[in-house]
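# Residue-level structure breakdown
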Amino acid sequence: MSSAEQHTQKKLVKTLKTSSKLKKIMAWYFIKGKIYSKLPWKKVAWSVSGFPTEFLWTYDVYPFLPENCATIAAARHKSQELIEYAEACGYSRDLCSYMKTNIGAYDKKLPAQFGGLEKPDIMVCTNTICDTHVKWFQIQSRKLNVPLFQWDIPAYVSGSDEKVMNRYIDYVQDQFWEFTDFMYDHTGKKFNQKKFIKTINKADELAVLWHELFEYRKKIPAPLGYADTLGDVFPMFALVGERSGRGVNFYQELVNEVKEAAKVGKGVVDEEKYRLLFEGIPFWYKIKFFHQLANFGAVVTYEPYTYSFGARRKIIDNDIEKSLREMAKTLIHTPYFYNLETRMEYFKKTIEEYKIDGVILHNNLSCRPSTTGMADLKNYIQEELGKPVLLLTCDMNDPRAFSEAPMQTRLESFIELLEAQK
Ligand code: SF4
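Residues numbered from 1 in each chain as written. Predicted model: local features only at pLDDT ≥ 70, side-chain atom pairs only at ≥ 80, totals over all residues.

When pLDDT drops low, the exact placement of atoms in the prediction is not to be read closely. When pLDDT is averaged along the protein chain, the result is 94; 98% of the residues meet or exceed 70. Low pLDDT (under 50) marks residues 1-6, which in the prediction has five contacts with non-local residues, meaning those over four places away or in another chain. (pLDDT = per-residue confidence, 0-100. Contact = placed C-beta atoms within 7 Å.)

If you trace the four strands from one edge of the open sheet to the other, you get β6-β5-β7-β8, paired in parallel fashion. Of all strands in the sheet, those with a lone pairing partner are β6 (298-302) and β8 (389-394), marking the two edges. Going across the sheet, the axis of each strand differs from the next one's by a mean of 30°, ignoring polarity. As defined by bridge partners, strand β5 (residues 274-279) adjoins β6 across four bridges and the pair is classed as parallel. (Pairing = 2+ DSSP bridges. Helix = DSSP H or I, 4+ residues; strand = E, 2+ residues; numbered from the N terminus. Axes fitted to C-alpha atoms, helices over the stretch in contact; angles between N-to-C directions.)

This next bit is on the environment of Thr-199. Mapped onto the elements of the fold, Thr-199 is located in helix α9 (residues 193-216). Excluding its chain neighbours within four sequence positions, the residues that come into contact with Thr-199 are Glu-54, Trp-57, Thr-58 and Gly-241.

Our focus in this paragraph is the site of the ligand. In the region of the ligand, the neighbouring residues are Cys-96, Tyr-98, Ile-129, Cys-130, Thr-132, His-133, Cys-367, Pro-369 and Ser-370. Those elements that place two or more of their residues in the shell around the ligand are α7 (131-144) and α17 (368-371). Looking at the shell around the ligand residue by residue, the class counts come to six nonpolar, three polar and no charged. (Near = placed C-beta within 6 Å. Nonpolar A, V, L, I, M, F, W, Y, C, P; charged D, E, K, R; others polar.)

So, about the sheet that holds strand β3 (residues 122-126). The parallel open sheet is built from four strands, whose spatial order is β2-β1-β3-β4. The outermost strands of the open sheet, each flanked by one partner alone, are β2 (61-64) and β4 (148-151). Put simply, the sheet's adjacent strands are angled 25° from each other on average, direction ignored. Relative to β4, β3 runs parallel, the two being bridged by four bridges. Residue pairing across strands places Cys-125 opposite Gln-150, the latter belonging to β4.

Printed below as a string of structure tokens:
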């Protein structure tokens, strides 16, 4: 057995007891969604990450998230055949593998546990994270003959100032009212201010708890790692503002468990040696990569990807317009799509706060937004912050881009660098 193979066999990053309850919540969410999609008086939407899911819950419109379903397909080792199906339909290899997974899963009518999802009544989308969302939803809305709302969010590029931000906020805020018109036209539901305030407040409860979890991750040893958060982020994605409170209860329980572990100094890795930051989307078909870091005494204690889903949107002074302006800001400027100069400052601050020893950058072949600027970021972290960086060129959903043995070799070299630096 090679040393790489030996390392893949032994220890695993421990996960929390509470995290195991997520399966039940997800099963409830998918079953309820399926029922909603069959009831003529209920409405179901497809939405994208970056779109404020709480705005759909305000209308009691059930959100289905094709990206989330795509990750399930990958975790169940189904994504490759779906991607290959989409490529056979003419979509190129370098296009987003989430999009291709969704195209394959919908055409093949797969059940939810393999990444399939029901036909929606409406689709809502935004380009705040990437332009792929726009084309992807345009294609699917035409094919399925479903009305589509596109929320156009300008990019806050390097060099933009407050004047630019204010102009952008006006533009984004105006579109909120276009969204309410769209909802009325296609679901027959009117905007209800009271419900809106209630839903946003509920959503914020969830975000506050999510942020609290991250505070505990600053502790040494880390009581929570990426092996948990990559799944635990689900409520932040789908249940933001959902009324039953399942997401809030789940996060409250997680916080309690993490708090207790931090109090007694219990980490998810037995002898924590290296604290890592992982930038990018994980490889959903190879989640064990994050568990096996324990073989080296390493744990991912921060990842901008899951943190970004915790954007707090608040009701300010019970004033809708004022609140919408603040919410618009979170759509224009959050960690997931910071421009390079803001991203560098953000990394500097995070590396200090979370006492990070090294950084893994996922140079994701089919996701331009998460990889643009990665080479500059790598140089900055190595040269200016003096931290070792491992740049992995893979794909979040396409296992063809992942090669086990070279990955392990590179990981081992990275760990040696970390060791040398200690
Ligand atoms: S290209 Fe990247 S950001 Fe855009 S949908 Fe695909 S994975 Fe998401």
